[in-house]
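Listed below are the residues making up each chain.
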Amino acid sequence: MKGLIWATAVDSTHQKRVLSLYRQILRSLNSPKLELSLAARLAKKAEARAIFMLGSEERSIHNIQDLIDTAEYALSLLKEGKIPKHIQ
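Residues numbered from 1 in each chain as written. Predicted model: local features only at pLDDT ≥ 70, side-chain atom pairs only at ≥ 80, totals over all residues. Heavy atoms only, no water.

Novice: How do you make sense of the side chain of lysine 45 when you look at a structure like this?
Specialist: Position of lysine 45 among the secondary structure elements: in helix H3 (residues 38-55). For lysine 45, which is buried and forms no salt bridge, the nearest opposite charge comes from glutamate 47, at a distance of 13 Å. In terms of polar contacts, lysine 45 uses its side chain to reach the side chain of asparagine 30, at 3.1 Å. The residues touching lysine 45, leaving out its near neighbours within four places in the chain, are Leu26, Leu29 and Asn30. (Helix = DSSP H or I, 4+ residues; strand = E, 2+ residues; numbered from the N terminus. Buried < 20%, exposed > 50% of the residue type's maximum accessible area, 1.4 Å probe, protein only. Lys, Arg positive; Asp, Glu negative; His and termini not counted. Salt bridge = Lys/Arg side-chain N within 4 Å of Asp/Glu carboxyl O. Polar contact = N/O pair within 3.5 Å; in protein donor to acceptor, adjacent residues only side chain to side chain. Contact = heavy atoms within 4.5 Å.)

Rendered as structure tokens:
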């Protein structure tokens with residue numbers, strides 16, 4: 001799994017950011033601010049993993065940057081206790 005996510009970023013400047021965002025999003029889904037049952041949390045984590053796996057197929061640097069921007073936005077919503085629409 002980590003290998004696929006690592007492959008999302010074609011250069012070293014994006015690799016660390018992608019892995020960091022992936023981990024932060026998964027951790028944020030455990031937040032008590034989100035009123036989710038255990039099953040719902042596991043389902044949301046599986047959806048987040050699937051999104052990152054689909055993103056790992058992207059090779060365009062511009063598209064990768066868009067995916068990183070989207071992940072940062074989703075993370076900001078999760079930290080506020082809101083579930084982003086693309087994983088809602």
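Novice: Would you explain the pattern of salt bridges in this entry?
Specialist: Close approach of charged atoms allows side chains with opposite charge to pair. The final tally for this structure, using the stated rule, is three salt bridges. Taking the shortest distance from any N to any O, the salt bridge between glutamate 72 and arginine 17 comes out at 3.0 Å. In this pair, glutamate 72 is assigned in helix H4 (residues 61-79) and arginine 17 in helix H2 (residues 12-28), connecting sequence segments 55 residues apart. Owing to a relative accessible area of 32%, glutamate 72 belongs among the partly exposed residues under this scheme. Between lysine 82 and glutamate 80 there is a salt bridge, with its nearest N and O atoms 3.5 Å apart. Residue class for lysine 82 comes out partly exposed when judged on its relative accessible area of 46%.

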